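Each chain, letter by letter, is given below.
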Amino acid sequence: MAASSNAEHTHSQDMEEDDAGMEEREMDSESDDEEGMGVEISDDEEDDTSEDEKENEAEIQRLEEQLSINAFDYNCHVDLIKLLKQAGELVRLRKARQKMSELFPLTEEIWLDWLKDEIRLTEEEPNREKVNELFERAIKDYICPDIWLEFAQYSIGGMGSPGGIESVRAIFERALTAVGLHMTKGQTVWEAYREFENAILTTVQPPPGRIPNHDEQELLNKQLQRIHTLFNRQLAIPLMDMEATYAEYEEWSEDGAPETVLHQYKNALQQKEKCRPFEESLLVAETPKLAEYQAYIDFEMKVGDPARIQITYERTLAENCLVPDMWTKYTTYLDRQLKIKDLVLPAHDRAVRNCPWTMSLWKSYLQAVERHGGSHQTVSDVFEKALNAGFIQATDYVEIWQAYLDYLRRRVDFSQESSKELEELRGAFTRCLDYMKQDVEQRFGESGDPSCNIMQIWARIEALHCKNIQKARELWDSIMTKGNAKFANMWLEYYNLERAYGDSAHCRKALHRAVQCSSDYPEHVCEVLLTFERVEGSLVDWDVAVQKTETRLNRLNEQRAKVAEKEAIHAQQEEGRSEQRRKAKTDKKTLKKIQKGGRFGEKRKADQDDWNDHTEHAPKRHRGKGEQSTEEYMETDVGHFGKKAPPGYKGSAPANNKSQQASARNQSNDKTELRNDSNSVFVSNMTYTLEEPDAKLRTLFETCGPVKQIRLVSSNKGIFKGYGYVQFESAVSVPEALKLDRSEVEGRPMFVSPCVDKTKNPDFKVFKYNTSIEKHKIFISGLPFSFTKEQLEELCKQHGTIKEVRLVTYRSGKPKGLAYAEFADEQQATQAVVKMDGIEVEGNTISVAISNPPRRNTNKPGPSQPAANLMPRQVQGGRGRGRTQLSLLPRSLHRQSAPAAGTVENGTSSERGAGDTRPLSNSDFSRMLLNK
């Protein structure tokens, strides 16, 4: 074996030397040709060549200067490498690639170019270690089958060295572990591995005609077993073109495929067929194929094979390396499912190298290093790199500092009064506050931590673990001086700290300062102070508290009254200005109509008079059996629109015979009979922009029973108005349909109620609105219009158990910036109000309060209700009142309005009932006179 390998190595060296000699001769001939051709090249061509070289050099220098200013310019690195390679600057090219690889993970193409260049430059044996180191760096950036294949093939060239064959096998085994499951490219690595083993097999086989001895036969059998094992392993994995591999195995094996291998092969075929649709969708999809890869990942997650899930994630990230969410999903899967250090930590490192601007990836990296027992120096190094990553918002720096401070706190043994770890924690808190003030505020113009959460955590640690309440008070004094003294929740946090670790005197002092300083919820602070004095205070303390709270609330009410008065005056002025604008607009339209009218209006009037004269003086004639009179035809054509139909209206043609009229009546009756209110429900509060509402409602309500018809209400223009009727085949389906009330349909709660004729049941009410305060529910305003329900739930669940959240939208589906969140109890809702009110959400300052719905409009007179609203509502026709609201009844026939209650007019008495309209009798007059 050794002799054969040495002979092969000598033969390969001879071939390499021959190739090297040929290359040298070719290079010499090329140089001779160039020298010979140099005589024939014109001066103009030489000048053009030199000009191009100068331009390239100038561009190279420009790119190098730009990278010296901003080393994180990815495209600039790529352009520089391309130009240096064209110019043949090998030394500068190697430095440029090295610098880029230190800052960014390199793509498969860049790595392959670099590796091939280095292989050509380092043909001597001692330099193979440098290329191997470069390969080791390349396989860490992305899981690429082509790089692994190149690595394995390059290692074959060194198998003549001691232990070289085992080294090659080790690299192939690593390659199979990394990319052997790759559905489309993994097969090339398997085949290269088998070819390598087959090449060794030829070296251990004895020459034809010679019987091998015992050692040779044992070596031969061992090599054959290796190839058998490779075939068996490959056929158990679903790969493309695995049928050809199975045919090759049957041809290679003298005894055919064993039963176990055939069983594994069939299972792999079935799995391949399941994966085929996803592979085909990837082939036809356009880059970056993120949706297709996500569907593939979801499929593999359901199957549950960790190795296949990992390779699918790796394939996805190779084409979507700049998608932070995908890195987050991958690292989360590794953290929670595989939990293998050698897989988890490299994946986190690659994630932050690809997306260094994403704070959450750095935070996960820190926690992963700690979780897997990384050294303190390693965690600190990761944190320092995160600070230099260049986050895009100030809050990112606050969160990464919080993660690091949490790690330092977990290292401290607080049972010791003083320790190195505790001093390091305090020093980190001090450094964090300085960093926020000097670096973050200068860069972003804000601290990123307006509520001073980091200082609050430090104060709690000092009070709870270190028993240093004095230090905690100093920290809270600093918190209040940073503009937080006006917030009630900040004072209540400090009060709770004093209640837990301080004394009653400082609690009372904190509450008195809170009453004096807080401006957002002073009533709540006053209530807390009075409750505290009820439990722990003396009568003197109670009197002082009552006096202080009354003074504060009276002053507050005066301020609110002044503000309300100013707002009312401003609203009145604004309403006046709006009325003036509307009036000016109306006058402008009227003037324009008058200017455009003129003779045209008079002509229309004359034409109409001519038509009236014509119809008045036209001779009467008898109608035939199937004819209509002129008056009847006009009435049929005009219908409800008056004398002239609106533009675009097409009147129905007159019926020619009685059979057609009867047919029309029968159709109308049939349509009426289709309606059955007892089998129907009324559906409302849906968005106007609902696409295909008929189909969506049918799909939704068919779960309750067979649907007979759906009647949607639309405007004159055919626009869906957000409500309609669903009629079932049977009344049994109605109770099931009513259970769908308040179901969410495209972001709005759909109301489902019984279908009741209001003309027959005028007092029937379906929707009962809660007008009392809802202490377990909060009302949020000022939210960004882009805020989603999931984001709202994530925001609120930090303060308690969420039962339901709801975003308020217009009928068109557009958000109003308002929302409701229902908690498990009143205490959680109150805590949420204190914590959330006044915070910033995506640049918007939100307001949070306990839900207190306004009362519904009533018919009782009040200062805010105009007298016109108290008039009895008139009964409208089928099409409602006209736009002009003019009455067509002559004034002489108008009835007088009902007199006001308590007055006596025209023989009516206030003592009579409101609905009593009969005339007074003589006895009534007698009673009136006697009473007088």
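From a predicted model like this one, the values you see are computed outputs, not experimental measurements.

Reading the values: rules and limits
Residues numbered from 1 in each chain as written. Predicted model: local features only at pLDDT ≥ 70, side-chain atom pairs only at ≥ 80, totals over all residues. Heavy atoms only, no water. Helix = DSSP H or I, 4+ residues; strand = E, 2+ residues; numbered from the N terminus. Buried < 20%, exposed > 50% of the residue type's maximum accessible area, 1.4 Å probe, protein only. Contact = heavy atoms within 4.5 Å. Pairing = 2+ DSSP bridges. Axes fitted to C-alpha atoms, helices over the stretch in contact; angles between N-to-C directions. Salt bridge = Lys/Arg side-chain N within 4 Å of Asp/Glu carboxyl O. Patch = residues over 30% accessible without salt bridge, like charges linked within 9 Å, V, L, I, M, F, W, Y side chains within 5 Å. Areas by Shrake-Rupley, 256 points an atom, 1.4 Å probe, with all protein chains shown as cover. Lys, Arg positive; Asp, Glu negative; His and termini not counted. Charge placed at Lys NZ, Arg CZ, Asp CG, Glu CD. Phe/Tyr/Trp six-rings, centres within 6.5 Å; stacked < 30°, edge-to-face > 60°. Lys NZ or Arg CZ within 6 Å of the ring centre and 35° of its normal. 1 Å grid on protein atoms, 1.4 Å probe; cavity = no way out; pocket = protein on both sides within 12 Å on 5 of 7 lines; lining within 4 Å. Points joined across faces, edges and corners; volume = space filled by probe spheres on them. Nonpolar A, V, L, I, M, F, W, Y, C, P; charged D, E, K, R; others polar.

**Quick word on the overall build of the protein chain**
Thinking step 1. The helix and strand inventory of the protein chain stands at 34 helices and 11 strands.
Thinking step 2. A total of 932 residues make up the protein chain; the buried ones form 32% of that total.
Thinking step 3. Across the protein chain, every contact between residues at least 6 apart in sequence was considered, and the portion connecting residues at least 24 apart equals 58%.

**A closer look at the sheet that holds strand β8 (residues 815-823)**
Thinking step 1. As summarised here, the arrangement of the four strands in space is β7-β8-β6-β11, forming an open sheet in which the pairing is antiparallel. The strands lining the two open edges of the sheet, one partner per strand, are β7 (802-809) and β11 (847-851). Pairs of neighbouring strands in the sheet enclose a mean axial angle of 20°, with direction left out of account.
Thinking step 2. When β7 meets β8, the two strands line up antiparallel, connected through seven bridges. Paired with Arg-806 across the bridge in β8 is Tyr-820.
Thinking step 3. The sheet contacts of helix α33 (residues 826-836) involve β6 (774-781), β8 and β11, and relative to β6 the element is tilted by about 25°.

**Considering the pattern of salt bridges**
Thinking step 1. Within the structure shown, the criterion is met by 46 salt bridges.
Thinking step 2. Taken together, the shared-partner salt bridges connect Lys-85, Arg-97, Asp-117 and Arg-120 into one network.

**Quick look at a positive patch on the surface**
Thinking step 1. Together, Lys-585, Lys-588, Lys-589, Lys-592, Lys-593 and Lys-596 make up a positively charged patch on the protein surface.
Thinking step 2. Tracing the backbone through its elements, the reader meets Lys-593 in helix α26 (residues 539-597).
Thinking step 3. When its relative accessible area of 65% is taken as the criterion, Lys-593 is described as exposed.

**A closer look at the packing of aromatic side chains**
Thinking step 1. Enumeration according to the criterion identifies 29 aromatic pairs in this entry.
Thinking step 2. Centroid distance Trp-401 to Tyr-404: 6.4 Å. Interplanar angle 70°. Geometry classified as edge-to-face. Remark: Tyr-404 and Trp-401 occur in helix α19 (residues 394-411); sequence separation between them is three residues, near one turn of the helix.
Thinking step 3. Judged by its relative accessible area of 7%, Tyr-404 falls in the buried class.
Thinking step 4. Each member of the aromatic cluster is reached from another via a ring pair, and the members are Phe-383, Phe-391, Tyr-397, Trp-401, Tyr-404, Tyr-407, Tyr-435 and Phe-444.
Thinking step 5. Over the ring of Tyr-154 we find Arg-128; its NZ or CZ atom is 4.1 Å from the centre of that ring.

**Things to note about the layout of surface pockets**
Where empty space is left becomes clear once a probe the size of a water molecule has been rolled over the atoms.
Thinking step 1. As a volume, the largest pocket reaches approximately 1,800 Å³.
Thinking step 2. Taken together, 41 residues make up the lining of the largest pocket; nearest its centre are Thr-395, Gly-448, Asn-453, Ile-839 and Glu-840.
Thinking step 3. Those elements that provide at least two residues to the lining of the largest pocket are α19, α21 (453-464), α22 (469-484), α23 (488-501), α32 (789-796), α33 and β9 (840-841).
Thinking step 4. Counting residues per element, the lining of the largest pocket draws most heavily on α19, which supplies six residues.
Thinking step 5. Across the lining of the largest pocket, the residue classes tally to 12 nonpolar, 17 polar and 12 charged.

**Focus on unusual backbone geometry**
Thinking step 1. Put simply, Thr-287 and Pro-288 share a cis peptide bond, and its omega is 15°.
Thinking step 2. Its place among the elements puts Pro-288 in the loop between α12 (259-284) and α13 (290-303).
Thinking step 3. Despite not being glycine, Glu-692 shows a phi value in the positive range, around 50°.
Thinking step 4. With respect to the helices, strands and loops of the structure, Glu-692 is situated in the loop between β1 (680-684) and α30 (693-701).

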